[in-house]
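# What the coordinates show
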Amino acid sequence: MDKILIEGGRRLVGEVQVSGAKNAVLPLMAASLLVDGWMTITNVPQLKDIDTFKILLRHLGCEIEADIPAGILKIRASEVKDAAAPYELVKTMRASVLVLGPLVARFKKARVSLPGGCAIGARPINLHLMGLKKMGASVTIEHGYVTVEAKKLKGAKIYFDTNTVTGTENLMLAAVCADGVTTLENAALEPEVVCLAETLNKMGARITGAGTDTITIEGVSEAELKPAFVRVIPDRIEAGTFMAAAAMTKGNVLIKDCPFRSLEALTVKLREAGTEVAEEEDGVRVTGDYPIRSVDVKTLPYPGFPTDMQAQIMAMMAVGNGLSVITETVFENRFMHVGELKRMGADITIDGRSAVVRGVRGLSGAPLMATDLRASASLILAGLVAQGVTEVSRIYHLDRGYQKIEDKLKALGAEIQRVKA
Ligand code: EPZ
């Protein structure tokens with residue numbers, strides 16, 4: 001397994017290009033199951049999760065053509081075998097459950113392994129299944145698989161007790177060709193949900209309200225749906241990770257193609273911490289300065305502070321000038337990075353869903369182990385400012401969501417390299 005080595009202490013200076021958003025590509029790949037014909041997706045990043053989804057779609061019988069360096073992905077779902085989304089794929093990538101909605105909508109049946117838990121929490125799919133049942137599907141769970149069947153899904157009024165991103169996306173995909181109108185209430189507002197809705201409308205769907213907490217989908221006939229050509233939106237979490245890196249290293253970085261509008265909550269916190277964040281012609285310039293002021297952070301569903309940036313901001317607060325309370329309200333166990341940051345000298349105490357971070361003068365490099373995607377990003381950030389060498393192992397977690405992060409950081413002046421274990 002590869003490792004990443006970092007010699008801390010270098011300021012990041014220069015420009016970095018944000019890649020396409022992983023969490024927008026995955027539902028778009030699922031949307032290709034709705035139509036017979038080549039769906040074309042561009043600005044696709046080279047990520048492990050996208051490779052996993054390709055394997056899943058091929059397993060289901062889809063044809064896939066990819067020009068990886070060019071970021072172009074073409075998918076055709078003419079025939080789909082009566083295959084299941086197997087456990088060995090779903091357990092590595094929970095987003096596999098996104099095939100449920102389109103498969104049952106078009107092929108009347110879907111079998112998907114239950115995702116099981118993951119490092120950051122139980123991550124059930126009960127709300128996905130609740131919505132499909134309301135749309136008239138039969139749902140049976142046995143031997144760790146869920147089977148969903150429906151001759152024809154019908155429009156329904158669905159209320160989400162909890163804000164769920166892929167739950168909103170899955171039911172939107174299911175509702176596109178349902179009989180009648182479906183409303184999703186307390187729906188997720190994420191930009192990735194909007195990207196999916198806009199793409200489905202380009203395909204012939206009739207969706208309104210995406211980006212608000214009430215989304216209405218008026219069912220259309222399958223014949224009205226056509227494949228689309230879509231360019232994926234930039235990845236706001238990758239952009240946010242580089243913003244934090246520039247801030248922590250007291251750098252000066254222009255983040256190109258930065259989805260600034262969707263990073264409002266993070267920008268407010270970075271500015272409170274003393275970081276300069278300025279919108280320019282072709283990107284957002286982030287300039288870090290002494291001291292990093294300690295700020296409190298509470299993660300919330302979009303447009304609140306993103307849970308996917310919680311580990312990264314904690315690495316920054318670890319070298320803040322005071323006390324920071326970081327509260328994680330979205331996932332029940334998303335503090336796996338705390339133990340590793342403490343091994344670098346961070347002073348962090350977990351109290352239920354909050355972590356109390358007392359800033360220290362500096363961190364020291366250490367051998368670390370990544371546990372999940374965003375935790376590994378926070379360890380890289382901490383390594384950038386630590387004294388000495390930091391070694392992060394199990395970086396396959398990192399490769400799920402960051403395209404060659406070490407190359408991008410090296411181009412900004414970081415002393416970083418990937419070593420084959
Ligand atoms: C999406 O996951 C993202 N993944 C996650 O990004 C992100 O952290 C998360 O949304 C929250 O923003 C993709 O979009 C592929 P949820 P998702 O359903 O949809 C509970 C990353 O780092 N819940 O919004 O799986 C759930 O347990 C990944 O890129 C239910 O209880 O998250 C959690 O506590 C990590 N029942 C909360 O809702 C359900 O049926 C939010 O989960 C569904 C969810």
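Notes on the structure follow. (Residues numbered from 1 in each chain as written. Predicted model: local features only at pLDDT ≥ 70, side-chain atom pairs only at ≥ 80, totals over all residues. Heavy atoms only, no water.)

### Observations concerning the nonpolar core
Judged by nonpolar contacts, the single largest core of 80 residues is most densely connected at Met29, Ile41, Met172 and Leu200. Among the elements that take part in this core, helix H1 (residues 22-31) stands out by supplying 7 residues, more than any other. The next biggest cluster of nonpolar side chains, apart from the first, holds 68 residues, and it includes Leu12, Ala239, Met317 and Leu363. (Core = buried A, V, L, I, M, F, W, Y, C linked by side-chain atoms within 4.5 Å. Buried < 20%, exposed > 50% of the residue type's maximum accessible area, 1.4 Å probe, protein only. Helix = DSSP H or I, 4+ residues; strand = E, 2+ residues; numbered from the N terminus.)

### Here we look at the pattern of salt bridges
Using the criterion set out here, one finds 22 salt bridges in the structure. The residue Glu218 makes a salt bridge to Arg206 at a minimum N-O spacing of 3.2 Å. You can see Glu218 sitting in strand E13 (residues 214-218) and its partner Arg206 sitting in strand E12 (residues 206-208), a full 12 residues away along the chain. Residue classification places Glu218 among the partly exposed positions, given a relative accessible area of 38%. One connected set of salt bridges, linked through shared partners, spans Asp2, Asp399, Glu406, Arg418 and Lys420. (Salt bridge = Lys/Arg side-chain N within 4 Å of Asp/Glu carboxyl O.)

### Some details on the site of the ligand
Around the ligand sit 22 residues in total, of which Arg94, Asn126, Thr166, Asp308 and Val330 are the nearest. Contact between the ligand and Lys22: an oxygen atom at 3.0 Å from a side-chain N or O atom of the residue. In this structure, a nitrogen atom belonging to the ligand sits 2.7 Å away from a side-chain N or O atom of Asn126. Of all elements in the fold, only H1, helix H5 (126-134), helix H6 (165-175) and helix H12 (373-385) reach the threshold of two or more residues within the shell around the ligand. It is H5 that provides the largest number of residues to the shell around the ligand, a total of 3 residues. In terms of residue class, the shell around the ligand is made up of 8 nonpolar, 8 polar and 6 charged. Shared between two domains, the shell around the ligand takes at least three residues from each, and those domains are domain 1 (2-19 + 234-420) and domain 2 (22-231). (Near = heavy atom within 4 Å. Polar contact = N/O pair within 3.5 Å; in protein donor to acceptor, adjacent residues only side chain to side chain. Nonpolar A, V, L, I, M, F, W, Y, C, P; charged D, E, K, R; others polar. Domains from an automatic or database assignment.)

### Brief notes about the pairing of strand E9 (residues 145-149)
Of all 5 residues making up E9, 4 are buried, and the element is well covered by its neighbours. Two elements, strand E7 (residues 109-113) and E9, share 5 bridges in a ladder whose sense is antiparallel. Its bridge partner being in E9, Arg111 is matched across the sheet by Thr147. Pairing analysis gives 5 bridges linking strand E8 (residues 138-142) to E9, with the strands arranged antiparallel. (Pairing = 2+ DSSP bridges.)

### A closer look at the packing of aromatic side chains
The tally for this structure, following the rule as stated, stands at 0 aromatic pairs. Note that Lys250 overlies the ring of Tyr290, its terminal NZ or CZ placed 4.4 Å from the centroid. (Phe/Tyr/Trp six-rings, centres within 6.5 Å; stacked < 30°, edge-to-face > 60°. Lys NZ or Arg CZ within 6 Å of the ring centre and 35° of its normal.)

### Focus on the sheet that holds strand E1 (residues 3-7)
The 4 strands are arranged E22-E23-E1-E24 in an open sheet whose pairing can be described as mixed. Of all strands in the sheet, those with a lone pairing partner are strand E22 (367-369) and strand E24 (415-419), marking the two edges. The mean angle between the axes of side-by-side strands here comes to 20 degrees, regardless of whether they run parallel or antiparallel. Running at roughly 25 degrees to E1, H12 makes contact with E1, E22, strand E23 (389-393) and E24 of the sheet. (Axes fitted to C-alpha atoms, helices over the stretch in contact; angles between N-to-C directions. Contact = heavy atoms within 4.5 Å.)

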